[in-house]
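Report on the structure
Residue strings, one per chain:
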Amino acid sequence: MRVVDLIEKKREKEELAKEEIHFLLSEYLKGNVPDYQMSAFLMAVYFNDMTKAELLEFTTLMRDSGEIIKFEKINKFLVDKHSTGGVGDKVTVVLAPILAALGLASTKLSGKGLGHTGGTIDKFEAIKGFKFSSSKEEVEKIASKTGIGLMGYSDKIVPLDKKLYSLRDVTATVPSIPLIASSIMSKKLAIQSDVIILDVKVGDGAFMKNIERARELAKRMIEIGIGFKRKVRAVLSNMDEPLGYSVGNAIEIIEAIETLKGNGAKDVKEVVYTIAAVALKAKGVIKELKDGYRKIDEVINSGLALSKLKEFIAESGGDENLVNDYSILPVAKEKLEIFSQNNGYVAKIKAEEIGKAAMIIGAGRATKYDKIDHSVGIKIFKKVGDKVEKGEKLAEIYYNDEKNLKNSKEMLLDAYVLQNEKVSGQKVVIEII
Ligand code: URA
């Protein structure tokens with residue numbers, strides 16, 4: 001078999017046989033296929049897509065390139081929620097304790113933030129002493145006790161994805177739906193769970209800029225799940241403004257805690273409640289999502305969900321008192337207030353711009369080698385649909401270093417799109433598949 005023939009076949013829109021995909025990926029993993037040939041193949045996939053059979057085989061080989069984790073010791077319904085990446089996305093920090101309080105457990109691999117999007121690892125690492133579990137045994141121990149089994153990134157799970165993603169990143173082949181679907185799903189399939197819930201973000205601050213592409217990505221990931229006989233659900237949610245009111249690490253932990261105390265932003269609650277109810281329905285506990293909302297309210301109002309988060313923080317090496325004393329979290333030294341230069345109604349807050357404005361002051365990473373400052377970030381005071389008067393406060397930037405402050409301020413002002421007519425606040429959950 002010759003790699004050049006496989007590239008030609010994909011270029012000519014012919015279907016590759018199982019053995020051909022197996023040959024290509026296994027030889028690539030061994031270092032026997034040069035990056036220039038794999039790049040050409042990926043570009044051919046970018047233009048010509050993959051058939052269902054190709055996608056399943058491709059994903060199987062990706063999954064099998066590393067360890068597969070099974071949690072024999074956690075005797076609970078396991079939920080793996082995955083977000084395709086957003087701005088201000090603190091859903092996992094709120095959702096995992098709620099699921100735990102409802103008697104379910106989260107088992108998932110958490111990610112680090114890159115570019116304008118944040119990552120769950122960075123948010124929890126804002127807590128002094130907090131250490132993510134890095135082995136299956138540690139996750140099992142903490143999840144059995146608390147119901148929260150979040151695992152830090154591991155090189156041992158789907159190493160082929162790491163290799164391919166680095167290549168896609170420099171060959172303009174990241175935005176290919178079959179490649180994104182197999183990349184995400186191979187990592188989900190490598191970890192045991194009873195349901196995989198995909199939060200597919202749509203809009204300005206998301207990978208998928210429009211609903212059609214988001215729906216297509218969700219459907220392809222579900223197609224893979226069905227092929228592997230796994231339960232997969234997808235929630236399409238809007239990312240045309242940051243989620244909630246804070247973008248940063250320590251400040252997002254505070255917002256997540258406030259949500260667990262019953263003071264959550266409407267949009268954060270809508271996403272969290274929907275996903276938690278979808279999980280309960282997948283377990284068979286409820287028939288209608290609205291029955292789940294009542295149960296979620298109960299575990300928030302009783303304080304049980306918050307106590308699950310406290311337990312998880314303590315088990316992971318952090319100080320659980322921070323849920324009542326935010327000064328335990330790192331705090332930025334300086335604050336800059338940003339005021340509106342016009343009157344109007346907020347029509348949109350470009351989430352990608354806000355994510356970048358937070359990134360350049362240190363809340364995120366431009367490259368994976370950058371160090372982040374957990375204390376900095378942006379708090380927004382006006383959301384889509386709100387009325388704004390000239391001179392009214394739009395946002396606050398928390399910073400330690402003035403280096404990129406001016407740019408950050410300009411990006412923030414540019415992110416706010418005002419219009420004269422009143423706009424209704426948008427629905428965040430667009431569709432459930
Ligand atoms: N997230 C992933 O894990 N992989 C992709 O290809 C895109 C987003």
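Residues numbered from 1 in each chain as written. Predicted model: local features only at pLDDT ≥ 70, side-chain atom pairs only at ≥ 80, totals over all residues.

Observations regarding the overall build of the protein
- Across its full length, the protein carries 16 helices and 13 strands.
- Expected size for 433 residues packed as a compact globule is a radius of gyration near 22 Å; at 22 Å, the protein falls within 12% of this value.
- Taken along the three principal axes of its C-alpha coordinates, the protein extends 65 × 45 × 40 Å.
- The burial tally for the protein puts 52% of its 433 residues in the buried class. (Helix = DSSP H or I, 4+ residues; strand = E, 2+ residues; numbered from the N terminus. Rg over C-alpha atoms; globule rule 2.2 N^0.38 Å. Buried ≥ 20, exposed ≤ 12 C-beta atoms within 10 Å, placed from the backbone.)

Points about the packing of helix H5 (residues 91-101) against helix H12 (residues 266-283)
- Two numbers describe how H5 lies on H12: the axes approach to 10 Å, and their chain directions differ by 40 degrees. The angle between the axes of H5 and H12 places the two elements in the oblique class. Crossing geometry of H5 relative to H12 is assigned as right-handed. Mapping the contact onto sequence places Val91, Val94, Leu95, Ile98 and Leu99 in H5 and Val268, Val271, Val272, Ile275, Ala276 and Ala279 in H12. (Axes fitted to C-alpha atoms, helices over the stretch in contact; angles between N-to-C directions. Parallel < 35°, antiparallel > 145°, perpendicular 65-115°, else oblique. Left-handed = near helix turned anticlockwise from the far one by under 90°. Contact = placed C-beta atoms within 7 Å.)

A look at unusual backbone geometry
- Of note in the backbone geometry, Asp49 takes a positive phi value of approximately 65 degrees without being a glycine.
- Mapped onto the secondary structure, Asp49 falls in the loop between helix H3 (35-48) and helix H4 (52-63).
- The exposure class assigned to Asp49 is partly exposed, which follows from the 16 C-beta atoms found within 10 Å.
- Phi is positive for Lys229, which is not a glycine, with a value near 55 degrees.
- By the secondary structure assignment, Lys229 is in the loop between helix H10 (211-227) and strand E5 (232-238).

A few points about the site of the ligand
- If you check the shell around the ligand, you find Thr84, Tyr165, Val174, Leu179, Ile180, Ser183 and Ile184 and nothing else.
- If one sorts the elements of the shell around the ligand by residue count, helix H9 (residues 177-189) sits on top with four residues.
- The class makeup of the residues in the shell around the ligand is five nonpolar, two polar and no charged. (Near = placed C-beta within 6 Å. Nonpolar A, V, L, I, M, F, W, Y, C, P; charged D, E, K, R; others polar.)

Here's the deal with the pairing of strand E8 (residues 344-349)
- In this structure, E8 lies alongside strand E10 (residues 387-388), joined through two bridges in antiparallel fashion. For Tyr345, the partnering residue across the bridge sits in E10 and is Lys387.
- Note that E8 and strand E12 (residues 416-419) share four bridges and pair antiparallel. Within E12, the position partnered with Ile349 by the bridge is Tyr416. (Pairing = 2+ DSSP bridges.)

Concerning the sheet that holds E8
- If you walk across this open sheet you meet the three strands as E10-E8-E12, and the pairing is antiparallel. The strands lining the two open edges of the sheet, one partner per strand, are E10 and E12.

Details of helix H7 (residues 136-146)
- Taken together, the buried positions of H7 are Lys136, Val139, Ile142, Ala143 and Thr146. On an axial view of H7, the arc spanned by its buried residues comes to 135 degrees, and they lie on one face. (Arc of directions from axis to C-beta.)

Observations regarding the packing of H5 against helix H11 (residues 250-260)
- Two elements in contact, H5 and H11, have axes whose closest approach is 8 Å; the angle formed by their N-to-C orientations is 35 degrees. The chirality of how H5 crosses H11 is right-handed. Residue-level inspection shows Val93, Val94 and Pro97 of H5 in contact with H11, the latter providing Ile253, Ala256, Thr259 and Leu260.
- When its residues are assigned to classes, the contact of H5 with H11 shows six nonpolar, one polar and no charged.

Points about the domain arrangement of the protein
- For the protein, the assigned domains read domain 1 (3-48), domain 2 (78-323) and domain 3 (331-419).
- Taking only C-alpha atoms, the centre of domain 1 and the centre of domain 2 are 32 Å apart.
- Taken together, the contacts link nine residues of domain 1 with eight residues of domain 2.
- Secondary structure elements with two or more residues in the side of domain 1 that touches domain 2: helix H2 (18-29) and H3.
- With seven residues, the single largest contributor to the side of domain 1 that touches domain 2 is H3.
- Taken together, the residues of the side of domain 1 that touches domain 2 break down into seven nonpolar, one polar and one charged. (Domains from an automatic or database assignment.)

Here's the deal with the sheet that holds strand E13 (residues 429-432)
- With respect to topology, six strands assemble into an open sheet ordered E3-E2-E1-E4-E5-E13, the strand pairing being mixed. Looking at the sheet topology across the chains shown, the edges are occupied by strand E3 (148-151) and E13. Each neighbouring strand pair of the sheet contributes to a mean axis angle of 20 degrees, computed without reference to strand direction.
- Bridging between strand E1 (residues 78-83) and strand E2 (residues 105-109) involves two bridges; their strand directions are parallel. Counterpart to Val79 in the pairing with E2 is Ser106.

Some details on the nonpolar core
- Ile98, Leu99, Met221 and Ala276 are the most contacted members of the largest nonpolar core, which has 133 residues in total.
- Ranked by the residues each element gives to this core, the list is headed by H12, at 10 residues. (Core = buried A, V, L, I, M, F, W, Y, C linked by C-beta atoms within 7 Å.)

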